[in-house]
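The chain contents come next:
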Amino acid sequence: MYLGVDWYPEQWGMEQVEEDLDGICALGCNIVRIGDFAWDRLEPQPGVYDFAFFDEVIAKVKARGLSVLLCVPTATMPRWLALAHPEVMSRREDGTRTPYGGRRGYCMNAPQYREKAVALARAMAAHYKNESAIAAWQVDNEIGHEGSDLCWCDACRGEFIRYLKGRYGDIGELNRRWGTGFWTQTYDDFEQIPLPKQTNTPQNPALRLEWERLRARSAETYLKMLTDAVKAEIPGARVLHDFSSSLWGKRIDPFAIAEDLDAAAYNHYPVWGAQADAMSPAETAFALDTARGLKGGNFWITETLIGTQGHDFLSCSPKPGESALWAAQAMAHGCSDLLFFRYRGYHKGAEQFCFGVLDADNQRRRKFYEVQDFFARMKPYGEVLAAPMHGEAAVVFDYDSAAAWRVQPQSDAMDYEGEAKRLYEQLWKRNIAVDVIPSNRDFTGYKLMLVPAMVAMSEGFKDRLKTYVKGGGTAVLTFRSAWKDEDNNFFFGRRLPAGLTDLAGAELEEHESLLTGQARRAVAPDGGMAGEGRVFCEMLTPTTAKTLLTWSPCAFGDYAAATENQYGAGWCFYLGGSFDGALLSMLFERVLDRCGLKGIETPPGVEVVTRAAGGKTCRMTLDHNAKTFQIDG
């Protein structure tokens, strides 16, 4: 188990290093993360590498018995690179270049940037390939964060055209599948295809979905180049990337990226910037379980906050004990190695208000001792917390559906990630372990599959889902399931949900989008359940399914709002709206009864997780009300 801090000695100079290491060792750390934003220190001039500073730092770290997580610092570029190659700066939709001076201003597809980034990664790996203190390597930082998942430059356009040629092969095939006869958009050559910039009306949904796919592909290939560069020099290197928050909402597919990594890492900020309140405990648990799902196993936390965070605007401050509680929650949900951000807040630059274990006053105060206590409490449980963790239920993420929702949200109230969280919370509050998995991963071992709003569902996934349910599994589908094909188009001549009417035991008859503030009443036929549905109102006609809820009153007629259907040895539930929490909770009592899942009852806001390994068991009780945790075993 690695426990440590993010440390930036290049910002302070060598004269501060020994004092810093005294404090870092006093915390109980066994690792430091360094180099994250130090490109100009490592390559002060084009092609001229200088490792002297970090050589000395690593030597001193090693002398203290500490390990190193070494970062390839390509998330921010040196000034000389932007001056020599201004074309590496990303281009906005309006054609202007991102100015130099922030971070992640580069285009992931720019050839010159890729060339210099790969050269830096390889030079670092070649220099440090025999350094025993390096436990792992990190490539880049928080890919796609802060709007950097989009770029409209010539390099991106070139990649888009090459991608389309490879995917469709023939322009006629593309015209046919995209339906370009609509609005006179037929193309004679791939080079004629525009980037999907904003026009006076929306662009073709198929074009826009392919652009979303290209954006994800750009991040994936860029990070793979960096990973390959490190491994070319150090074949056995352990390489990871640190993902930022909202993994469901960016134009990256974190699950696809993680396939090329040895480990996944997540930067854990339950509150940041201009947030008046922290994320709810269920939301933070969902983010952590998503991080665990990236590799289907344990993950790193490369940054978790200990102090107030923000650039120009600040968040609410973590209360005493709260940062340790959030860190403990991460360990409970499968984090095997954790570092706090950062050892000391920097008194200069854009992150002056990102406070660390120490503030700029350089004094050991409450936060220092909170981290010290947390490390001491975690260390005895290293073996158990490093063991694999598997849930009995799973939530499915689908990148194409996430992209399709960005292209056509259909309602201003629609939030793909939010709908997933609402289903997830029903299990979290009952202390049932959940995995978050991509749609292409095997799910045969789960008792329950939650499939939120998978609007662009592949035929292969439909077949696997039917086999799963027929074999005894339970699935929960929601509104807009299987409405679109792989080109983001409706199916012709097929009832909705397309290809799943037998599984759902129901067919869609009518539907309407509900905007923010709108709701429709849903009631059980026997009057035992009642509540409201929001976002969408899908009106269903059961064929073999049993009606659990009806829309009442309903101007369209008498239709089901939620159904359950036995399919082979299993069950399929279909939810035609985003139901309020109380109504959803009642529905899930039935769902859990069907799949045989039993939770652990605790007071609201109290979370219990049990971990086991090698005959040892530990139980973590996280009291989110009192901002404390207990670990026993």
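Above: the structure in question.
Just so you know, these numbers come straight off a predicted model, no measurement behind them.

As a further point, take the pairing of strand S21 (residues 606–613). Judged by how many residues are buried, S21 sits mostly within the fold: six of eight residues are covered. Sheet analysis places S21 next to strand S22 (residues 616–623), joined by eight bridges and oriented antiparallel. Considered in S22, the bridge of Val609 is made with Met620. Here S21 folds back onto S22 in antiparallel fashion, the turn holding two residues, of which Gly614 has a positive phi close to 55°.

The next subject is the packing of helix H1 (residues 17–27) against helix H3 (residues 52–63). In helix packing, the relevant descriptors are the interaxial angle and the interaxial distance, both defined with respect to the helix axes. Running from amino to carboxyl end, H1 crosses H3 at an angle of 35°, the nearest separation of the two axes being 11 Å. Relative to H3, the crossing made by H1 is right-handed. Of the residues in H3, those in contact with Val17, Glu18 and Leu21 of H1 are Val57, Lys60 and Val61. Classifying every residue of the contact of H1 with H3 by side-chain character gives four nonpolar, no polar and two charged.

Bringing the packing of aromatic side chains into the picture now. Scanning the model with the defined rule gives 31 aromatic pairs in all. A ring pair is formed by Trp248 and Tyr416, whose centres lie 5.1 Å apart and whose planes are at 50°; its orientation type is tilted. Of this pair, Trp248 sits in the loop between strand S5 (239–243) and helix H9 (254–258) while Tyr416 sits in helix H15 (residues 416–428), and the two are 168 residues apart along the sequence. Taken individually, Trp248 and Tyr416 each receive the classification buried, so the pair is uniform in this respect. Ring geometry for Phe340 against Phe375: centres 5.8 Å apart, planes inclined by 55°, an arrangement best described as tilted. Linking Phe340 in strand S8 (residues 335–341) with Phe375 in helix H12 (residues 366–378), this pair joins segments that are 35 residues apart in sequence. Taking relative accessible area as the criterion, Phe375 reaches 0% and is therefore assigned buried. Site record: aromatic cluster; members linked through ring pairs are Trp248, Phe255, Phe286, Phe397, Tyr416 and Tyr424.

Now for empty space enclosed by the protein. Enumeration over the complete set of coordinates arrives at three cavities of 30 Å³ or more. The calculated volume of the largest cavity comes to roughly 60 Å³. Glu419, Arg422, Leu423, Pro452, Thr478, Phe479, Leu575, Gly577, Ser578, Phe579 and Leu584 are the residues that line the largest cavity. Of all elements in the fold, only H15 and strand S20 (578–579) reach the threshold of two or more residues within the lining of the largest cavity. A per-class count over the lining of the largest cavity returns six nonpolar, three polar and two charged.

Quick look at the side chain of Ser401 now. Along the chain, Ser401 turns up in helix H14 (residues 399–407). The exposure class of Ser401 is buried, given its relative accessible area of 0%. A distance of 2.7 Å separates a polar atom in the side chain of Ser401 from a polar atom in the side chain of Asp398. In contact with Ser401, not counting residues within four places along its chain, are Tyr416, Ala453, Met454, Val455 and Ala456.

To continue, consider unusual backbone geometry. Backbone torsion omega between Phe341 and Arg342 reads -15°, so that peptide bond is classified as cis. Residue position: Arg342 is located in the loop between S8 and H12. Positive phi, normally seen in glycine, also occurs at Thr184, with a value near 55°. Inspection of the secondary structure assignment puts Thr184 in the loop between helix H7 (171–178) and helix H8 (205–233). Assessed through its relative accessible area of 76%, Thr184 is described here as exposed. The residue Ala482 is not glycine, and still its phi comes out positive at about 55°. On the secondary structure map, Ala482 appears in the loop between strand S12 (474–478) and helix H17 (501–504).

What follows concerns the state of the cysteines. All chains considered together, the criterion is met by zero disulfides. Considering cysteine sulfurs only, Cys354 is the nearest to Cys316, which forms no disulfide, with 14 Å between them. Exposure remark for Cys316: the relative accessible area of 21% places this residue in the partly exposed category.

Looking now at the layout of surface pockets. Taken as a whole, the largest pocket encloses approximately 980 Å³ of empty space. Taken together, 44 residues form the lining of the largest pocket, with Phe37, Thr76, Gly101, Gly102 and Arg103 sitting closest to its centre. Counting residues per element, the lining of the largest pocket draws most heavily on helix H2 (residues 39–42), which supplies three residues. A volume near 680 Å³ is recorded for the second largest pocket. If you go around the second largest pocket, you meet 29 residues; those closest to its centre are Asp253, Asp398, Tyr399, Asp400 and Ser439. Where the lining of the second largest pocket is concerned, the elements lending two or more residues are helix H6 (154–168), H8, H9, H14 and helix H16 (459–470). Here the lining of the second largest pocket is composed, by residue class, of twelve nonpolar, four polar and 13 charged.

Glancing now at the sheet that holds S21. Taking strand neighbours across the sheet as the criterion, the three strands line up as S21-S22-S23 in an open arrangement whose pairing is antiparallel. The open sheet has two free edges, formed respectively by S21 and strand S23 (628–632), since each of these has just one partner strand. Shown here is a sheet whose adjacent strand axes are inclined to one another by a mean of 15°, direction ignored.

Before going further, it helps to spend a moment on the environment of Tyr2. Position of Tyr2 relative to the elements: it lies in the segment before strand S1 (3–6). For Tyr2, a relative accessible area of 27% translates into the label partly exposed. Residues Tyr2 and Val32, 30 residues apart in the sequence, show an inter-C-alpha distance of 9.1 Å. Not counting the four nearest positions on each side in its chain, Tyr2 is found in contact with Asn30, Ile31, Ser67, Ala135, Trp300, Ser336, Asp337 and Leu338.

What counts, and at which threshold
- Residues numbered from 1 in each chain as written.
- Predicted model: local features only at pLDDT ≥ 70, side-chain atom pairs only at ≥ 80, totals over all residues.
- Heavy atoms only, no water.
- Buried < 20%, exposed > 50% of the residue type's maximum accessible area, 1.4 Å probe, protein only.
- Helix = DSSP H or I, 4+ residues; strand = E, 2+ residues; numbered from the N terminus.
- Pairing = 2+ DSSP bridges.
- Axes fitted to C-alpha atoms, helices over the stretch in contact; angles between N-to-C directions.
- Left-handed = near helix turned anticlockwise from the far one by under 90°.
- Contact = heavy atoms within 4.5 Å.
- Nonpolar A, V, L, I, M, F, W, Y, C, P; charged D, E, K, R; others polar.
- Phe/Tyr/Trp six-rings, centres within 6.5 Å; stacked < 30°, edge-to-face > 60°.
- 1 Å grid on protein atoms, 1.4 Å probe; cavity = no way out; pocket = protein on both sides within 12 Å on 5 of 7 lines; lining within 4 Å.
- Points joined across faces, edges and corners; volume = space filled by probe spheres on them.
- Polar contact = N/O pair within 3.5 Å; in protein donor to acceptor, adjacent residues only side chain to side chain.
- Disulfide = S-S within 2.5 Å.

Everything listed here is a matter of coordinates, which is why it stays silent on function.
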